[in-house]
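An overview of the molecular structure
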Amino acid sequence: MGERFDNNGRLIVPVSEIKKGMSVGKERFVLVEAYCVNGHNLVDIRYVINGFPGIRLKFKRPGNKGEFVISAIEDDFEKIILSGSLEKNKKYDLFCPVCNAKLPVLTNCNCQNDAELVVLGLTPDLDFNNAVTFCNVTGCNNGSFIKSGEALRHSRLHGK
């Protein structure tokens, strides 16, 4: 068996350990810690998605607010809605459920005009070089966790 953690301390889990029916041999990252700008760890052990604690967030858009938990597994789009409701292809502002700090925006996402890639730190002190990003539009194909440096590179190459 290969390494358990990558160079950034993220847990590496073979896909076959996550979901049955997915291609064997591919590896995915699992975030074991994810922080807001004020250093609150958003990984919540009370809510498990596909065998791993999820990341709890608050969401808001005009006329709709609530909380949900997203999977901490790379490229896993499952979520648990705790309150409120989400509409597909809608942008939501995302917040820390502890201190209500809005998640910072790294860059725009190319899925629609108002879409943004928001940031979760991998350490309590937010460092954009040691963070992951995901789109704040439900159903976006760019919704998987990607390192912030890769997001900036992608943004420069593909516009927006």
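To be clear, the structure that these remarks concern was listed above.
Residues numbered from 1 in each chain as written. Predicted model: local features only at pLDDT ≥ 70, side-chain atom pairs only at ≥ 80, totals over all residues. Heavy atoms only, no water.

Side note on the pairing of strand β9 (residues 116-121)
- Along β9, six of the six residues are buried, which leaves the element largely enclosed by surrounding structure.
- In β9, alternate side chains face the same way, and those of Glu116, Val118 and Leu120 on one face and Leu117, Val119 and Gly121 on the other are all buried.
- Both strand β8 (residues 105-108) and β9 contribute to a ladder of three bridges, which runs antiparallel. Each bridged residue has a counterpart across the sheet, and for Thr107 the counterpart in β9 is Leu117. (Buried < 20%, exposed > 50% of the residue type's maximum accessible area, 1.4 Å probe, protein only. Helix = DSSP H or I, 4+ residues; strand = E, 2+ residues; numbered from the N terminus. Pairing = 2+ DSSP bridges.)

What to know about unusual backbone geometry
- Unlike most non-glycine residues, Asn50 shows phi in positive territory, near 50 degrees.
- Mapped onto the elements of the fold, Asn50 is located in the loop between β3 (43-49) and β4 (52-61).
- When its relative accessible area of 26% is taken as the criterion, Asn50 is described as partly exposed.
- Backbone geometry at Asn89 places phi at a positive 65 degrees, although glycine is not the residue there.
- Among the secondary structure elements, Asn89 is positioned in the loop between β6 (79-83) and β7 (93-95).

With respect to the environment of Phe95
- Relative to the assigned elements, Phe95 resides in strand β7.
- Every residue in contact with Phe95, bar those within four places of it in the chain, is listed here: Leu57, Lys58, Lys60, Asn100, Ala101, Lys102 and Leu103. (Contact = heavy atoms within 4.5 Å.)

Some thoughts on the nonpolar core
- Ranked by internal contacts, the top residues of the largest apolar core, which has 23 residues, are Leu42, Ile55, Leu57, Leu94, Leu103, Leu120 and Phe134.
- Contributions of two or more residues to this core are made by β4, β5 (64-70), β9 and β10 (131-135).
- If one sorts the elements of this core by residue count, β4 sits on top with four residues.
- With sequence-adjacent residues up to four places away left out, Leu103 is seen in contact with Leu42, Leu57, Leu94, Phe95, Val118, Val119, Leu120 and Phe134.
- Cys109, Leu117, Cys135 and Cys140 belong to the second-largest nonpolar core, a separate cluster that totals six residues. (Core = buried A, V, L, I, M, F, W, Y, C linked by side-chain atoms within 4.5 Å.)

So, the side chain of Lys91
- Tracing the sequence through the fold places Lys91 in the loop between β6 and β7.
- A relative accessible area of 17% places Lys91 in the buried class.
- A distance of 3.4 Å separates polar atoms of two side chains, one belonging to Lys91 and the other to Glu116.
- For Lys91, the residues in contact, after removing those within four places along its chain, are Arg61, Gln112, Asp114, Glu116, Asn136 and Val137. (Polar contact = N/O pair within 3.5 Å; in protein donor to acceptor, adjacent residues only side chain to side chain.)

Examining the pattern of salt bridges
- In this structure the tally under the stated criterion is five salt bridges.
- Here Asp44 ties to Arg46 by a salt bridge, and the two come within 2.8 Å at their closest N and O atoms.
- Arg46 sits in the exposed class, given a relative accessible area of 58%.
- Measuring nitrogen to oxygen at the nearest pair gives 2.9 Å for the salt bridge that ties Asp44 to Arg56. Of the two residues, Asp44 is situated in strand β3 and Arg56 in strand β4; the sequence distance between them amounts to twelve residues. (Salt bridge = Lys/Arg side-chain N within 4 Å of Asp/Glu carboxyl O.)

Remember that the coordinates give geometry; whether it matters functionally is a separate question.
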